[in-house]
Amino acid sequence: MKKRLFTGIQSSGTLHIGNYFGALKPFLEIAGDYDSMLMVADYHALTSLKDPEAMRANIINVVKDYLAVGVNPADVVIFKQSDVSAHTELAWIFDCLVTVPFLQQAHAYKDKIAKGLEANAGLFTYPMLMAADILLYDTDVVPVGADQKQHVEYAREAAAKFNNSYGETFKEPKEIIMESIATIPGTDGKKMSKSYGNTIPLFGTKDEIAKAVMGIVTDSTGDRPEHVHAIHKLFQADGDLLPLYEEHKGKYKHLKEALIEDIERMVAPMREVRADITDADVKTVLEEGALRARAQADAKMQDVREKIGVRI
Ligand code: ADP
Ligand code: TRP
């Protein structure tokens, strides 16, 4: 029996190669070792996204992205949170077990408020919805970025609180921190991030990718354009790059063109796959995923309702 892996994704617009190497590729690499579930966290997104058109588009796009990079819905259960009502139901039960001061300690909440996000009650209780996501499926491992580590701790805490009050019901999950791999630098050498405007798009056209690569900031001091090389290393082993960078010392344009070709070689097939995935395909995947998720979540909720005494 494989162990259960569960993770949630909040679609956050157009993916860049930092997202690919930092999140999607590592997910692909471990998903097969586990009985894996991938959930689109649309109700979590609702804490900050109030535009229905954007919500719909984001859900569809994020599923297309994951399918295009090679997540196979026959192996990985792909579903969306709002399709399985047990998530919000269990979140409520957890809300009634944890205290306000406990939730007030959440870093992610404090960070979001500091950034000026509205302090709505959903944002505040966000960790308990995430705990419900994870705990409904007897999850063993949760691959997340370092920023989500505390939320997995909160899930463990919720499980322990429930188990202490009502008897052994939930498994305590462990996080797998995906940030152990290096931070992918952007076109200015800082962390690639959509908020810094230094990204190379993952599913961009060749022209868009070329434009981003040509915009990589190069220093004029050394022979090797470090920012180009740092990104290039993701696409070819460093040793293989050495002769190229030796031969074309100081010829930044040539090296950038070589990088464009290497990115294109990896990205073009995924871009083609993505273009062929229709909205209807996404709906089918999500419907089938929801059926599989619901079967397990509903069974768990039967037990939970029984234990808390609302089933008479
Ligand atoms: P952004 O910084 O562009 O807003 P997100 O915060 O939406 O990206 O990140 C989504 C996922 O991609 C996270 O798991 C994050 O760890 C990963 N990721 C984002 N940027 C990078 C990067 N430059 N290097 C490695 N991983 C990254
Ligand atoms: N909060 C996570 C993020 O912002 C997304 C998420 C929601 C999640 N539910 C989850 C991640 C459950 C792991 C497990 O990235």
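Residues numbered from 1 in each chain as written. Chains lettered and ligands numbered in written order. Predicted model: local features only at pLDDT ≥ 70, side-chain atom pairs only at ≥ 80, totals over all residues. Heavy atoms only, no water.

Attention now goes to the overall build of the protein. Check the secondary structure of the protein and you find 13 helices and five strands. In summary, the protein has a C-alpha radius of gyration of 22 Å against a globular reference of 20 Å for 312 residues, a match within 12%. Out of the 312 residues belonging to the protein, those deemed buried represent 46%. Across the protein, every contact between residues at least 6 apart in sequence was considered, and the portion connecting residues at least 24 apart equals 77%. Just so you have it, the protein exposes about 15300 Å², and 53% of that area is on carbon and sulfur atoms. For the protein, the separation between the mean place of its 37 positive charges and that of its 46 negative charges on side chains is 2 Å. (Helix = DSSP H or I, 4+ residues; strand = E, 2+ residues; numbered from the N terminus. Rg over C-alpha atoms; globule rule 2.2 N^0.38 Å. Buried < 20%, exposed > 50% of the residue type's maximum accessible area, 1.4 Å probe, protein only. Contact = heavy atoms within 4.5 Å. Areas by Shrake-Rupley, 256 points an atom, 1.4 Å probe, with all protein chains shown as cover. Lys, Arg positive; Asp, Glu negative; His and termini not counted. Charge placed at Lys NZ, Arg CZ, Asp CG, Glu CD.)

Of note, Thr187 is situated in the loop between strand S5 (174-177) and helix H9 (206-214). When its relative accessible area of 10% is taken as the criterion, Thr187 is described as buried. Residues contacting Thr187, with those up to four places away along its chain left out, are Asn198, Thr199, Ile200, Ala212, Gly215, Ile216, Val217 and His227.

Under the domain assignment used here, the protein contains domain 1 (4-183 + 278-308) and domain 2 (194-273). Domain 1 and domain 2 are separated by 33 Å when their C-alpha centres are compared. Connecting domain 1 to domain 2 are two residue pairs in polar contact (both at pLDDT 80 or more). Taken together, the elements giving at least two residues each to the side of domain 1 that touches domain 2 come down to helix H1 (17-31) and helix H3 (52-69). Taken together, the residues of the side of domain 1 that touches domain 2 break down into six nonpolar, two polar and one charged. (Domains from an automatic or database assignment. Polar contact = N/O pair within 3.5 Å; in protein donor to acceptor, adjacent residues only side chain to side chain. Nonpolar A, V, L, I, M, F, W, Y, C, P; charged D, E, K, R; others polar.)

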